[in-house]
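Coordinates in review
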Amino acid sequence: MSVLRSRPVLRWLVPATAAVAVIGGGAAIGTFAAEAEPSLPPRTAAQLLVDLQTSRLEGLSGTVVQRADLGLPPLVGLVPGNELTTLLTGTHTLRVWYSGPDQQRVALMDTLGEQDIIRNGRDLWTWQSRSNTATHRTLGGDAGAWKPAPEPAASLPATPQQAADLALGAIDPSTEVSVGRSATVAGQDAYELVLQPRDDDSLVHQLRIAIDAKQHVPLRFEVLAKGSDRPAFEVAFTQVDYRRPDADQFRFNPPPGVTVDEEKAERPTGKPGHVEPSGDPQVRAVGEGWTTVLVGRLDGADAGRKPATKPATPPAGSAPEMDMSKLLGGLPAVSGDWGSGRLLTSKLFSVLLTDDGRVLAGAVTPERLYQAARG
């Protein structure tokens with residue numbers, strides 16, 4: 001289960017950027033309970049990277065806690081009923097099981113109920129207890145090399161393993177890599193690998209990855225924003241077991257009355273393991289590395305003054321439509337030689353919605369968005 005893959009850190013920041021335009025709030029969080037710093041043999045950053053690259057596990061199970069305090073503006077209520085956005089605020093608990101590349105399970109335990117994603121060979125199941133609905137997909141013959149993107153809960157990294165896998169793709173000349181202080185996480189001694197952007201336009205101060213000293217598995221992942229010594233986003237094991245889980249954990253037994261939707265398997269595009277910043281041809285990337293800005297367009301030619309018209313009655317089962325005029329009215333107005341529009345800011349990213357219908361987003365300062373908007 002190697003975590004060193006060629007994927008940009010923007011891959012996990014972008015889904016958050018897309019969703020924060022419609023939510024707000026966020027309870028204050030703190031770091032996970034600190035334990036005494038263990039005494040470990042010295043290891044360099046290069047050695048820790050090799051540890052991550054060469055780590056292999058036969059099995060793993062445990063409890064993961066995810067916490068987010070992104071410093072979003074108070075826009076709660078503009079998009080009621082959107083369950084995905086709740087993952088961007090507060091605290092969430094997940095149970096995870098791993099038994100090789102073709103047997104994996106993640107269960108989100110929340111006030112909204114339980115949501116499961118189960119991979120068992122070529123079968124991929126998703127289930128939501130609140131609606132008692134399930135989706136089944138049969139994966140193609142090359143599913144071992146291709147990891148499909150499951151439904152809502154996968155838009156943010158569910159485990160330290162996923163987060164580290166995505167973040168390590170950011171290591172390039174624009175990244176300073178060092179070793180932090182050792183720690184004890186979920187009862188395991190761990191080294192800490194620190195990634196820090198060199199570009200001042202990035203809102204990210206540091207990424208911190210706690211790595212099990214024996215198993216070489218990421219146990220905790222933290223993102224610190226500039227000007228703060230508390231994580232804006234963190235995901236960590238609170239309990240971990242390295243024994244192979246029982247095979248029954250990966251068998252989906254539909255509960256009574258469940259509605260099952262059969263989906264066709266989607267074929268992978270491009271090379272296995274290669275992820276593009278966006279599948280939308282109307283979205284382009286400006287810049288590179290930590291200060292990449294994504295530029296796209298909202299539906300409707302003039303998003304700032306003429307929000308898209310929503311249907312009078314949403315289709316049955318769909319999420320309520322967003323009142324774009326209220327959303328834009330709640331954001332501060334900005335203008336410059338690039339034009340005019342509205343700005344959404346948080347601890348880790350900024351979003352600029354221009355009056356001519358453009359959307360610019362990135363883990364960067366507003367000034368970097370204005371620079372891209374001029375282009």
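Residues numbered from 1 in each chain as written. Predicted model: local features only at pLDDT ≥ 70, side-chain atom pairs only at ≥ 80, totals over all residues. Heavy atoms only, no water.

Moving on to the overall build of the protein. Each helix and strand in the protein was counted, giving five helices and 19 strands. Counting every position in the protein, which comprises 375 residues, the buried fraction comes to 48%. Restricting to contacts in the protein with at least 6 residues of sequence separation, those with at least 24 account for 63%. Accessible surface for the protein amounts to roughly 18000 Å². Of this, 50% is attributable to carbon and sulfur atoms. (Helix = DSSP H or I, 4+ residues; strand = E, 2+ residues; numbered from the N terminus. Buried < 20%, exposed > 50% of the residue type's maximum accessible area, 1.4 Å probe, protein only. Contact = heavy atoms within 4.5 Å. Areas by Shrake-Rupley, 256 points an atom, 1.4 Å probe, with all protein chains shown as cover.)

This part takes up the pairing of strand 17 (residues 339-345). Where strand 16 (residues 333-336) lies against strand 17, four bridges are found, and the strand directions are antiparallel. In the strand pairing of strand 17, Val334 is matched with Gly341. Between strand 16 and strand 17, which pair antiparallel in sequence order, lie two residues. Where strand 17 lies against strand 18 (residues 350-354), five bridges are found, and the strand directions are antiparallel. (Pairing = 2+ DSSP bridges.)

Here we take up the packing of aromatic side chains. This structure, assessed with the given rule, holds two aromatic pairs. Ring geometry for Trp338 versus Tyr370: centroids 5.2 Å apart, planes at 10 degrees, classification stacked. With Trp338 in the loop between strand 16 and strand 17 and Tyr370 in helix 5 (residues 366-374), the pair connects residues that are 32 residues apart, well separated along the chain. For the residue pair Trp338 and Tyr370, the accessibility class agrees, reading buried in each case. (Phe/Tyr/Trp six-rings, centres within 6.5 Å; stacked < 30°, edge-to-face > 60°.)

This next bit is on the pattern of salt bridges. All told, the structure shown has 11 salt bridges when counted by the stated rule. A salt bridge links Arg181 to Glu37; the nearest nitrogen and oxygen atoms lie 3.9 Å apart. On the criterion of sequence distance, the pair formed by Arg181 in the loop between strand 7 (175-179) and strand 8 (183-185) and Glu37 in the loop between helix 1 (10-20) and helix 2 (45-54) is long-range, its members being 144 residues apart. Its relative accessible area of 61% is what places Arg181 among the exposed residues. For Glu37, a relative accessible area of 46% corresponds to the partly exposed category. Asp241 is paired through a salt bridge with Arg243; the nearest N and O atoms lie 2.6 Å apart. Asp241 gets classed as buried once you look at its relative accessible area, which sits at 18%. (Salt bridge = Lys/Arg side-chain N within 4 Å of Asp/Glu carboxyl O.)

A word on the sheet that holds strand 19 (residues 358-362). Strands belonging to one sheet form pairs held by backbone hydrogen bonds; the direction of such a pair is parallel or antiparallel. Taken in spatial order, the six strands line up as 14-15-19-18-17-16 in an open sheet, and their pairing is antiparallel. At either end of the open sheet lies a strand with only one pairing partner, and these are strand 14 (284-286) and strand 16. Geometrically, the sheet is characterised by an average inter-axis angle of 30 degrees between neighbouring strands, direction not taken into account. (Axes fitted to C-alpha atoms, helices over the stretch in contact; angles between N-to-C directions.)

What follows concerns the nonpolar core. By size, the foremost hydrophobic cluster in this structure holds 51 residues, and its most contacted members are Leu60, Leu193, Leu207, Phe221, Phe237 and Leu348. When near neighbours in sequence (up to four residues on either side) are disregarded, Leu348 contacts Leu70, Leu203, Val204, Val223, Leu224, Ala225, Ala232 and Ala363. By size, the runner-up hydrophobic cluster in this structure holds 13 residues, among which are Val293, Trp338, Leu360 and Ala373. (Core = buried A, V, L, I, M, F, W, Y, C linked by side-chain atoms within 4.5 Å.)

Another aspect to go through is the environment of Phe237. Positionally, Phe237 belongs in strand 12 (residues 231-241). The class of Phe237 is buried, set by a relative accessible area of 5%. Through-space distance from the C-alpha of Phe237 to that of Thr159 is 7.8 Å; in sequence the pair is 78 residues apart.

Let us now look at the confidence of the model for the protein. The predicted model of the protein averages 76 in pLDDT, with 68% of residues at 70 or higher. In this model, residues 1-31 is a region of pLDDT below 50 whose contacts with residues beyond four sequence positions or in other chains number 107 contacts. Scored below 50 in pLDDT, residues 144-155 shows 21 contacts in the model against residues more than four places distant or in partner chains. (pLDDT = per-residue confidence, 0-100.)

What follows deals with helix 5. The α-helix advances 3.6 residues per turn, and as a result positions three or four apart in sequence lie on the same side. Of the residues making up helix 5, those classed as buried are Pro366, Arg368, Leu369, Tyr370, Ala372 and Ala373. Buried residues along helix 5 sit against strand 14, strand 15 (293-297), strand 16, strand 17, strand 18 and strand 19.

The next subject is helix 3 (residues 160-167). With seven of its eight residues buried, helix 3 lies for the most part within the structure. Residues of helix 3 that are buried: Pro160, Gln161, Ala163, Ala164, Asp165, Leu166 and Ala167.

Right, let's talk about the environment of Pro218 for a bit. Checked against the element boundaries, Pro218 lands in strand 11 (residues 218-225). Residues Pro218 and Ala236 lie 18 residues apart in sequence; the distance between their C-alpha atoms is 8.6 Å.

Structurally, the position occupied by Gly140 is in the loop between strand 6 (133-138) and helix 3. Note on Gly140: relative accessible area 11%, which makes it buried. Taking the C-alpha atoms as reference points, Gly140 and Asp123, 17 residues apart in sequence, are found 9.5 Å from one another.

We now examine unusual backbone geometry. In this structure, Asn132 takes a positive phi of about 50 degrees despite not being glycine. Unusually for a residue other than glycine, His216 sits at a positive phi of about 60 degrees. Summarising the element assignment, His216 is placed in the loop between strand 10 (204-212) and strand 11.

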